[in-house]
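What follows is each chain in one-letter form.
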Amino acid sequence: MKNSKKTNQDNADGKQSDLEFNKSHAENEFLTTNQGVKINDNNNSLKSGERGPSLLEDFILREKITHFDHERIPERIVHARGSGAHGYFELYEPMGKYTKAGFLNDTSIKTPVFVRFSTVAGSRGSTDLARDVRGFAVKFYTQEGVFDLVGNNMPVFFIQDAMKFPDLIHAVKAEPHNEIPQAASAHDTFWDFISLMPESMHMIMWVMSDRAIPRSLRMMEGFGVHTFRFVNDKNEAHFVKFHWKPKLGTHGVAWDEAQKISGKNSDFHKQDLWEAIEEGNFPEWELGVQIIPESDEHKYDFDLLDPTKLIPEELVPVTIIGKMVLNKNPDNFFAETEQVAFHPGHIVPGIDFTNDPLLQGRLFSYTDTQLSRLGSPNFHEIPINRTIAPMHNHQRDGHMRQEIAVGKVSYHPNSLGGGCPFQAKMDQGGFTSFNERVDAHKVRERSKSFSDHFSQAALFYNSQTPIEQDHIVSALSFELGKVETVAIRERMLGLLNQVDANLAAKVAKNLGIPVPKNPEKPMNHGVGADDKGNQEPSKANQNIVPSDALSMLKNPTISNTIATRQIAFLCNEGVNADSVKVMKTALKNAGAKAVIIAPHLGTIVSEEGTEIPVEQTYKIAASVLFDGVFIPSGKGIADLSKIKEVKEFLNDSYHHCKFIAAEGEGAKIIKNNSDIKEDPGILLSENHSDKNLNVSFIKALGRHRFWEREKNI
Ligand code: HDE
């Protein structure tokens, strides 16, 4: 019962810790049944004689097992695997010119939030490091009601119309006959679908990029994807796109590394988020908006209502308006992260929808899915979903209703209840929909303004650095290499060729088949635009101006901080304690964390004779779980080269383009390793406790990876 007494506001303020709460309730707290009867023996079921059969009358056993049998609820049909955290949002400047939303006008309010990050395709127990889009859903508990910004870590989506969503998800999920593969898009049904859906090509560029394998949930951008509306108190509207910019920068891992992390620690992202918050390293994002006047609706060569398009930041800059801090882990995963119910239709006065046909479909889907998942229209009464705004209406009853409504009035208008509750006029904060004029024929059609599927795919590809482009080529070669049907590979090459001929040629080479000369017209297979006589542009627009904001490596907002990075210290008996201490202190001062690894747990004795506590052994630690590696000096360090796991550690660090620093005897280990070729990502010093090495290592780690190494390996 204790959690139900905590409010979302308490959670945001981080009020009472579990430990404090438990201490204050420890006295006189007995184990009871759900009916409050104190339990005398929680170890033995009721039997007829100590070796006899169990008795049906054991209501304590039956209650316990029945409850256990029903512990699972249906997992989310998409975004099943998630990690959540509480925090708050703070506004920098009042936004009254554009929106009347209270939380976007008062800079003194800390609006509580709950965020859930997720992968899309896998089941609830699947790995965090799947190549996938990440969900980035934020619930703002505003004083005017709940506002959910249910976005992703990529600014566009695979499809333009809600009608295609079940098809997309059926195609990407494990294949229905054998339920293989789990949390992976590298299989026939996904690419079969994609090869027939040219509208997916822009999103495909994003999911084949390193954005789909983030280093950390704390190092991802977030996007509202659809164009929404801001509405001010004069009822004037502006189009708006939402962006979350992480303070730690946007970083990905190498694909080989992602696959290895999945084996070493499939909870890598979940644990990283949890530990950062527990350690007080609260992740932060700034909220940015791109605002477009209604009069500019048709100004661009793409449609603002098309969710497969973004607005380049160079065309409409992102204005930063506030920040979000995540400062508290959930008390209970199920009660909060699993039961939280997001809905793009949860909006507050000052924010409104557009006619984006994907968004319009979502407005139906999310209540419907909660009914099946949480099992009742009363899901808003679950503590994590409760609004902090006063809530009064005449909705009644239903499964597991918590509220005990008093009195006999449950209708409006009424006189017996004094007319309560009253409708709110606009100036009393009543929600009114934006008064958009809609006057048209009913049609099942796609707007012609949605038909350029290749230009922004090419914009994304051409905005990447050569290293990032290589990663896209490798990802496509991996995914299509796992596809068994050759015709699907060929169709994909045809589509890639329509984005960029070089890209298609490189993937074709890896697949060992030529780019088809006259690719099949994929539109003939499916969405029917051809039936209506629409002429689809068959190639990307050639006059594309690259956008640096789309590249993780060029992104001007990239952060060079090494805060919260984990650096492995490869140690042994006889390590030089001063070498360890000097580097450890330098890293700590820069916000990073040194982890001492040695052949055994307990302590090791340094060459100076001091004891150094060991945190992990070589059997447990793996390079893929760290951001960089340091080998200190010391007589005993030379023996590290005899340890198989140390060699694997260094080789993986090298292949995944991590920065490696070493000094004294440590440097010799690197020099003598024939698998490692020295390059600027490897920082060696012959001296002990070299302060220059510390400075250059910290600077290097701020670059995240020395991706240039890939050319030599
Ligand atoms: Fe979702 N989506 N979606 N989606 N979505 C769900 O709702 C759906 C789409 C997104 O952490 C479901 O509560 C349809 C775009 C996130 O709990 C479901 C369509 C974007 C989450 C659903 C889309 C998203 C969901 C499953 C096409 C990025 C996880 C469980 C019309 C802007 C929220 C649930 C959480 C979850 C339907 C497309 C983001 C089934 C029909 C585009 C982050 O209702």
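Residues numbered from 1 in each chain as written. Predicted model: local features only at pLDDT ≥ 70, side-chain atom pairs only at ≥ 80, totals over all residues. Heavy atoms only, no water.

A. A look at the overall build of the protein chain. Tallying secondary structure elements over the protein chain gives 19 helices and 18 strands in all. Since a compact globule built from 713 residues should have a radius of gyration of about 27 Å, the 28 Å found for the protein chain is in line with a globular shape. C-alpha extents for the protein chain along the principal axes are approximately 90 × 80 × 60 Å. Relative to its 713 residues, the protein chain shows a buried fraction of 53%. Considering only contacts within the protein chain whose residues lie at least 6 apart along the sequence, 74% involve residues at least 24 apart. About 33600 Å² of surface is accessible on the protein chain, with carbon and sulfur atoms providing 52% of the total. Distance between charge centres in the protein chain, computed from 80 positive and 94 negative side chains, equals 1 Å. (Helix = DSSP H or I, 4+ residues; strand = E, 2+ residues; numbered from the N terminus. Rg over C-alpha atoms; globule rule 2.2 N^0.38 Å. Buried < 20%, exposed > 50% of the residue type's maximum accessible area, 1.4 Å probe, protein only. Contact = heavy atoms within 4.5 Å. Areas by Shrake-Rupley, 256 points an atom, 1.4 Å probe, with all protein chains shown as cover. Lys, Arg positive; Asp, Glu negative; His and termini not counted. Charge placed at Lys NZ, Arg CZ, Asp CG, Glu CD.)

B. Spotlight on the packing of helix α13 (residues 466-482) against helix α15 (residues 501-511). Closest axis-to-axis distance for the α13/α15 pair is 9 Å, and the angle between their directions is 45 degrees. The angle between α13 and α15 falls in the class oblique. Judged by the sense of rotation from one axis to the other, the crossing of α13 with α15 is right-handed. Listed contacts from α15 to Asp 470, Ile 472, Val 473, Leu 476, Ser 477, Leu 480 and Gly 481 of α13 are Leu 503, Lys 506, Val 507, Asn 510 and Leu 511. (Axes fitted to C-alpha atoms, helices over the stretch in contact; angles between N-to-C directions. Parallel < 35°, antiparallel > 145°, perpendicular 65-115°, else oblique. Left-handed = near helix turned anticlockwise from the far one by under 90°.)

C. Here's a closer look at the confidence of the model for the protein chain. For the protein chain, the mean per-residue pLDDT works out to 94, and 93% of the residues sit at or above 70. pLDDT under 50 marks residues 1-5. Its contacts with residues more than four places away, or in other chains, come to 8 contacts. Overall, residues 524-530 carries pLDDT values under 50, and its contacts beyond four positions in sequence, including any with other chains, amount to 15 contacts. (pLDDT = per-residue confidence, 0-100.)

D. Expanded view of the coordination of the iron atom of the ligand. One donor from the polypeptide reaches the iron atom of the ligand: Tyr 366 (OH), at 1.8 Å. Here Tyr 366 lies in helix α11 (residues 357-373). (Donors = N, O, S within 2.8 Å, 3.2 Å for Na, K, Ca; no water.)

E. Local environment of helix α17 (residues 644-655). With 12 residues, α17 should cover 16 Å at 1.5 Å per step; its first-to-last C-alpha distance of 17 Å lies within 8% of that length. Along α17, the residues classified as buried are Glu 645, Val 646, Phe 649, Leu 650, Asn 651, Asp 652, Ser 653 and Tyr 654. Trailing α17 by a residue or two, Cys 657 shows a phi angle of about 65 degrees, which is positive. (Expected span 1.5 Å × (residues − 1).)

F. Broad picture of the site of the ligand. By nearness alone, 23 residues border the ligand, and Arg 76, Arg 116, Ser 365, Tyr 366 and Gln 370 come closest of all. Between the ligand and Arg 116 there is a distance of 2.6 Å, counted from an oxygen atom to a side-chain nitrogen or oxygen. When contributions to the shell around the ligand are tallied by element, the ones reaching two or more residues are β3 (134-142), β4 (145-152) and α11. Of the residues forming the shell around the ligand, the biggest block, 6 residues, is contributed by α11. Looking at the shell around the ligand residue by residue, the classes come out as 11 nonpolar, 9 polar and 3 charged. (Near = heavy atom within 4 Å. Polar contact = N/O pair within 3.5 Å; in protein donor to acceptor, adjacent residues only side chain to side chain. Nonpolar A, V, L, I, M, F, W, Y, C, P; charged D, E, K, R; others polar.)

G. Up close: the sheet that holds strand β11 (residues 566-570). Taken together, 6 strands build an open sheet; the order of strands is β15-β12-β11-β16-β17-β18 and the sheet is parallel. Each edge of the open sheet carries a strand with a single partner, namely β15 (616-617) and β18 (682-685). Strand direction decides the pairing type here: β11 and strand β16 (residues 628-631), joined by 3 bridges, are parallel. The residue of β16 that forms the bridge with Ile 567 is Gly 628. Packed on one face of the sheet, helix α16 (residues 577-589) meets β11, β12 (593-598), β16 and β17 (659-663) and runs near 175 degrees to β11. (Pairing = 2+ DSSP bridges.)

H. Inspection of the nonpolar core at higher detail. Core analysis: the largest hydrophobic core is formed by 57 residues, its most contacted members being Phe 569, Leu 570 and Phe 697. Per-element accounting of this core gives the leading share, 5 residues, to β12. For Leu 570, the residues in contact, after removing those within four places along its chain, are Ile 597, Tyr 618, Val 629, Phe 630, Ile 631, Pro 632, Ile 637, Leu 640, Val 646, Phe 649 and Leu 650. Core analysis: the next-biggest nonpolar cluster, separate from the first, contains 56 residues, Val 78, Leu 168, Trp 206 and Phe 223 among them. (Core = buried A, V, L, I, M, F, W, Y, C linked by side-chain atoms within 4.5 Å.)

I. Structural detail: the pairing of strand β14 (residues 611-614). The alternating pattern of β14 places Ile 612 and Val 614 on a buried face and Glu 611 and Pro 613 on a face that is not buried. Taken together, the 4 bridges between strand β13 (residues 602-605) and β14 define a ladder with antiparallel strand orientation. Bridge assignment links Ile 604 to a residue of β14, and that residue is Ile 612. Between the antiparallel neighbours β13 and β14 lie 5 residues, among them Gly 609 with a positive phi of about 95 degrees.

J. Region of interest: the environment of His 70. Counting through the fold element by element, His 70 comes out in the loop between α4 (59-69) and β1 (82-91). In this structure, the C-alpha to C-alpha distance between His 70 and Glu 607, residues 537 residues apart in sequence, is 58 Å.

K. Quick peek at the packing of aromatic side chains. Summed over all chains, the structure comprises 25 aromatic pairs. Here the aromatic rings of Phe 136 and Trp 285 are separated by 5.5 Å at their centres, their planes lie at 85 degrees, and the arrangement is edge-to-face. Remark: Trp 285 occurs in strand β8 (residues 284-293) and Phe 136 occurs in strand β3; sequence separation between them is 149 residues. Judged by its relative accessible area of 0%, Trp 285 is buried. (Phe/Tyr/Trp six-rings, centres within 6.5 Å; stacked < 30°, edge-to-face > 60°.)

L. Local environment of the packing of α16 against helix α19 (residues 691-701). As a packed pair, α16 and α19 sit with axes 10 Å apart at the nearest point and diverge in direction by 40 degrees. One element, α16, and the other, α19, form an angle in the oblique class. Between α16 and α19 the crossing geometry is right-handed. Residues Val 582, Met 583, Ala 586 and Leu 587 of α16 form the contact with α19, whose own contacting residues are Leu 693, Asn 694, Phe 697, Ile 698 and Leu 701. Taken together, the residues of the contact of α16 with α19 sort by class into 8 nonpolar, 1 polar and no charged.

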